[in-house]
Amino acid sequence: MTVAALAGILTAVGAVPFPQVDQEYLFQARQMQALSLAVHIPLVCFGLAFPTMVLFAEGRYLRTGDPLFRTLAQRWSRVMLALFAVGVVTGTILSFELGLLWPGLMASFGNVFGLGFALEGFSFFVEAIFIAIYVYGWDRLGPRLHFLAGVPVAIAGITGSFFVISVNGWMNHPGGFTLAGGRAVDAHPWSALFGNSYFWHEWVHMYFAGFIVTGFLVAAVYAWGFLRGRRGRYERTALAIALTAAAVVAPLQLVIGDWAARQVATGQPVKLAAMEGLGQTTAGASEHLLGWYDGHEVVYGIEIPRLLSLLAFHNPDATVQGLNTVPLADQPPVNVERFAFQTMVGIGTLLALLSVVYLFVRFRRGRLPTSRWFYRAVVAAGPLSVVALIAGWVTTEVGRQPWVVHGVMRTAEAVTGARGIPVGYGTLVLVYVGVAAAVAWLLRRLGRIPLPAEGAQPTPPAAPEAVDAP
Amino acid sequence: MLPDLPAVFILLGLTAYTVLAGADFGAGSWMLVSGGAGRAAVRDHARHAMGPVWEANHVWLVFVLVVCWTAYPVAYASIVSTLAVPLFVAAIGIILRGAAYALRGQLDATPGRRAIETVFALSSVLTPFALGTVAGAIATGRVPVGNAEGNLLSSWLNPTSVLIGTLAVATSSFLAAVYLAADARRLRDHGLEHAFRSRALAAGAVTGALALAALLVVRLDAPLLWDGFTRGAGLLMVGLSAAAGLVTLALVRRAHFGGARASAALAVAAIVTGWAAAQEPRFLPGLTVGQAAAGTSTLTAVVTTVVIGAIVLVPSLTLLFALFLRGRLDAGAAPGTPVPDPHRAADGRPPRLGPVFALACLVVGAGLLVFGNAGWVHAVAVALLCGYAASAFVLAATTPADASPATAAPGTRRPGSAV
């Protein structure tokens, strides 16, 4: 209670102390946060990209009058609502955990970055309101009005991710405050979040990733059906829209990733060194594929001379900062970081190749590819795109360690003093496994139920086609 | 003035959450006590009635959290670290409830339905109870300033907290019964209307008794709070809440559900405001609202955001509830499928310039992004790449997929594969 007594004496605004505590289970706290993020982020992708795809299908219906597009948009919209409902929940858990696990971060810097979440809250609100009007309003609103009700859903999905990633950009490249006694005073939230040069590449990278993950996951379901002979006009149209959404942006991630890497090279050189396993500061540094970082250098990898300098600074002779420039206590876990980064880049490159094949056939031959191997690849691309997405977030979040606010506050200073983190972590794992099992069971069951015929009015909420595959 | 404004927003958010999401929770708890095959109609009514507004109601909680951690960071961190247990329980309840709701919506005639409904109903009781104990812990001054400084168990497992948790569950059930009776009347289902009218009367009586009991416990357990409730604005609000509760019971008895909806909401709003008035200016022990507040530019940013947000939200929410309460978003019984209004029967060939535009955007955009260094060059590059992505998408997705030789021969299409 001495702290409370002290707090009562201090009357100046912002001078309330919030001392650091020892937490035995910091690593479990980090894993718990990572688990919750990994569950939530694929759903974010659907929030980013799916409304646009649904609206495109409905727009085609309005333009052509072809009822097939209406059926498609209607069925997709129900999947969209179910995923949104789960996303609301997993997102709420994240906002709880920010405080439950990292009260030090919230107490010291909530006044700087909290605004980003407040803005996101409003986006979330708009999304929740109009997604309900859109999905429950089929047949009840005029066709134009109904289409218009969907537009705010698409916009709010984009602005929501914009505001959340502005917070992540700030954590990686903090500014807009004065530090006093370990806490932010004189905070300027607008410039801290949106005047941050480090934020834009992250957001663009994630925005395009949203289309890749959504497009490939939806396409994977139809590709599975294709392999089993379900190739009607409806399936072909659905597959074409989903696959095109992913394929036009997947190759772009290579140049956007290059942009992001150059930003990291200048803004967070230690993170780049960890991503590449560069032990010593080197001029004309080599890139290593695969291999293992043994504490000094990458062993058993494939070395490509000077490529790292070329990629990071567009100059094959440029000097790249190594891990040795900071003490060991300030270095992120290098092998986790390298493995995550290489996973993302590897899968991303494969997805880009698959996309180029698809776009080539589509534009040059004016049709869908015919090879069974193509469709097998699309089935694999769905889950792989999620793996790449999570690997990418691991790269940026683990690479920021041991800092929660880069260079300003350590994760260990942010963690809660509450006991029982392992119990909470175990409970959360059990709950998520239980929910996943229930969803899998549901998908199996629904896969066996005959779906209503094309053109029929399904009673809401009808079975989504995402469950058709098994 | 400025340091208090976000607290006013938090109170408004809390009131909206209690009144709107509280009714959702209550609808879930009625599903729990309405077991048996004959009560399936009651359960279905409770579930369908909250469909379109469920997500929007839920966001109020997120709103309260984000305003609190932005405007009063140390107070927020102290509260959540000390009250980690009930908040984690509430979080688990929210996961189970949301997952069960999303799953339940996808199945109508499968055997696992009851199990999922039970999970939904149990979590609908657990979550408001846990959140109620949190309110009780803050109100009785059991959350000291600091990182998990308070007792992790006794801070929320105490007579006042437990009673307020129970009161939260009862209030939710009462609100839900009133709203569901009103919905049943709109649907002209007299059986359901009667069922929820009697539930509303019973729940209202229980809620009133619990509220009185809570006041007595507060007198013994938290004298400071009791003082606040027995004078000035606190007393006024307690009186208003009691009066509105009694009026609601009378209106329900006479089956005036529209008015009962409003007065039930007023009763809840009054007690939330009364809590704030009773505590004012204390936030946590030794920490006033003014001391907890962030700096001026943060507070200004929060206020600006909320004002701009309200300009967007108020019309949107009005539209949603207007459609919802008039039954425009009800399941089934569509007023007729609208006639499509196509611009033209079929698409012509895609315009010739499309591919050139897409390719130019791609090449110039990628070049600028890779070789440019200034921020504005990158911005132009990203805009061009988005232009490429949009135009290439439209080109590729509007090419008729009919031309595909991938079309299977008739007969390979299996029954039931219409999707």
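Residues numbered from 1 in each chain as written. Chains lettered and ligands numbered in written order. Predicted model: local features only at pLDDT ≥ 70, side-chain atom pairs only at ≥ 80, totals over all residues. Heavy atoms only, no water.

Topic: the overall build of chain B
Here's step 1: Each helix and strand counted, chain B has 15 helices and two strands in total.
Here's step 2: Relative to its 419 residues, chain B shows a buried fraction of 55%.
Here's step 3: Surface summary for chain B: the accessible area is close to 17,100 Å², and the carbon and sulfur share equals 72%. (Helix = DSSP H or I, 4+ residues; strand = E, 2+ residues; numbered from the N terminus. Buried < 20%, exposed > 50% of the residue type's maximum accessible area, 1.4 Å probe, protein only. Areas by Shrake-Rupley, 256 points an atom, 1.4 Å probe, with all protein chains shown as cover.)

With respect to the nonpolar core
Here's step 1: Counting 217 residues, the largest nonpolar core has W76, F109 and W170 of chain A as its most contacted members.
Here's step 2: The element best represented in this core is helix α4 (residues 103-136) of chain A, accounting for 23 residues.
Here's step 3: Not counting residues within four places of it along the chain, the set of residues in contact with F109 of chain A comprises G114, W170, F177, L179, G182, A184, V405, V408 and M409 of chain A.
Here's step 4: One finds L175, A176, A203 and A265 of chain B within the second-largest nonpolar core, a separate group that totals 36 residues. (Core = buried A, V, L, I, M, F, W, Y, C linked by side-chain atoms within 4.5 Å. Contact = heavy atoms within 4.5 Å.)

Quick notes on the pattern of salt bridges
Here's step 1: Applying the stated rule across the entire model yields nine salt bridges over all chains.
Here's step 2: Between R410 of chain A and D330 of chain A there is a salt bridge whose closest N-O contact spans 2.6 Å. Placement of the pair is R410 of chain A in strand β10 (residues 409-410) and D330 of chain A in the loop between β8 (319-320) and α12 (334-365), with a sequence separation of 80 residues.
Here's step 3: Linking R400 of chain A and E397 of chain A is a salt bridge whose minimum nitrogen-to-oxygen distance equals 3.1 Å. For the residue pair R400 of chain A and E397 of chain A, the accessibility class agrees, reading buried in each case.
Here's step 4: What emerges from the salt-bridge pattern is a single network uniting D183, R186 and R261 of chain B. (Salt bridge = Lys/Arg side-chain N within 4 Å of Asp/Glu carboxyl O.)

Structural notes on the environment of L287 of chain B
Residues and elements named next belong to chain B.
Here's step 1: Tracing the backbone shows L287 in strand β2 (residues 287-288).
Here's step 2: By relative accessible area, L287 is classed as buried at 2%.
Here's step 3: Remark: the alpha-carbon pair of L287 and V74, spanning 213 residues in sequence, is separated by 9.7 Å.

What about helix α2 (residues 26-64) of chain A?
Along an α-helix, residues three or four positions apart point the same way, because every turn accommodates 3.6 residues.
All names here are of chain A.
Here's step 1: Over its 39 residues, α2 extends 57 Å from the first C-alpha to the last, a length consistent with the 57 Å expected when each residue adds 1.5 Å.
Here's step 2: The principal kink in α2, of about 40°, is found at A49, preceding the proline P51 by one to four residues.
Here's step 3: Just past α2, the residue G65 takes up positive phi, approximately 75°. (Expected span 1.5 Å × (residues − 1). Bend = angle between axes of the 7 residues up to and from the residue.)

Some details on the environment of L224 of chain B
Here's step 1: Position of L224 of chain B among the secondary structure elements: in helix α9 (residues 223-229).
Here's step 2: Sequence separation between L224 of chain B and A278 of chain B is 54 residues; the distance between their C-alpha atoms is 8.5 Å.

Here's the deal with the packing of aromatic side chains
All names here are of chain A.
Here's step 1: This structure, assessed with the given rule, holds 32 aromatic pairs over all chains.
Here's step 2: Centroid distance F50 to W76: 5.6 Å. Interplanar angle 40°. Geometry classified as tilted. In this pair, F50 is assigned in helix α2 and W76 in helix α3 (residues 67-101), connecting sequence segments 26 residues apart.
Here's step 3: For F50, a relative accessible area of 1% puts it in the buried group.
Here's step 4: Ring centres of F113 and W170 lie 5.5 Å apart, and the angle between their planes is 40°; this geometry places the pair in the tilted category. Separated by 57 residues along the polypeptide, F113 in helix α4 and W170 in helix α5 (residues 143-172) bring together distant segments of the chain. (Phe/Tyr/Trp six-rings, centres within 6.5 Å; stacked < 30°, edge-to-face > 60°.)

A few points about the confidence of the model for chain A
Residue and element names in this part refer to chain A.
Here's step 1: Looking at chain A, the pLDDT average stands at 83 and 90% of residues meet or exceed 70.
Here's step 2: Counted against residues more than four places away or in other chains, residues 1-14, with its pLDDT under 50, gives 24 contacts.
Here's step 3: Between residues 450-470, whose pLDDT stays under 50, and residues either more than four places distant or in other chains, the model counts 50 contacts. (pLDDT = per-residue confidence, 0-100.)

Digging into a nonpolar patch on the surface
Here's step 1: Together, L289, L290, I302 and I304 of chain A make up an exposed nonpolar region whose accessible area comes to about 340 Å².
Here's step 2: Of the residues examined, I302 of chain A reaches a relative accessible area of 48% and is grouped as partly exposed. (Patch = residues over 30% accessible without salt bridge, like charges linked within 9 Å, V, L, I, M, F, W, Y side chains within 5 Å.)

Observations regarding the side chain of S173 of chain B
Here's step 1: By the element assignment, S173 of chain B lies in helix α7 (residues 159-186).
Here's step 2: Once you skip the residues sitting within four places of it in the chain, S173 of chain B turns out to touch G26, S29, W30 and A203 of chain B.

Focus: the packing of helix α7 (residues 200-227) of chain A against helix α8 (residues 233-249) of chain A
Residue and element names in this part refer to chain A.
Here's step 1: α8 packs onto α7 with a crossing angle of 150° between their chain directions and a minimal axis gap of 7 Å. Classed by the angle they form, the pair α7 and α8 counts as roughly antiparallel. Of the two elements, α7 crosses α8, and the hand of that crossing is left-handed. Within the contact between the two elements, α7 uses F208, F211, I212, G215, F216, V218, A219, Y222, A223 and F226 and α8 uses Y234, E235, R236, A238, L239, A242, L243, A245, A246 and V249. (Axes fitted to C-alpha atoms, helices over the stretch in contact; angles between N-to-C directions. Parallel < 35°, antiparallel > 145°, perpendicular 65-115°, else oblique. Left-handed = near helix turned anticlockwise from the far one by under 90°.)

A short note on helix α8 (residues 190-221) of chain B
Residue and element names in this part refer to chain B.
Here's step 1: Taking 1.5 Å as the rise per residue, α8 with 32 residues should run 46 Å; its terminal C-alpha atoms sit 45 Å apart, in good agreement.
Here's step 2: Turning to α8, its buried residues are L192, E193, A195, F196, R199, A200, A203, G204, T207, L210, A214 and V218.
Here's step 3: Looking at where α8 begins, the residue whose side-chain oxygen comes 3.3 Å from the main-chain nitrogen of G191 is D189. (Polar contact = N/O pair within 3.5 Å; in protein donor to acceptor, adjacent residues only side chain to side chain.)

Considering the confidence of the model for chain B
Residues and elements named next belong to chain B.
Here's step 1: Averaged over every residue, the pLDDT of chain B is 80; residues scoring 70 or more account for 84%.
Here's step 2: Mean pLDDT per element in chain B: helix α2 (residues 40-50) is the minimum at 71, and helix α10 (residues 232-253) is the maximum at 90.
Here's step 3: Low pLDDT, under 50, characterises residues 333-338; the predicted model gives this stretch 14 contacts beyond four residues in sequence or across chains.
Here's step 4: Across residues 402-419, confidence stays below pLDDT 50; counting only partners more than four residues off in sequence or on other chains, it has 42 contacts.
Here's step 5: Interface confidence for the predicted complex, given as ipTM, is 0.80, next to a pTM of 0.84.

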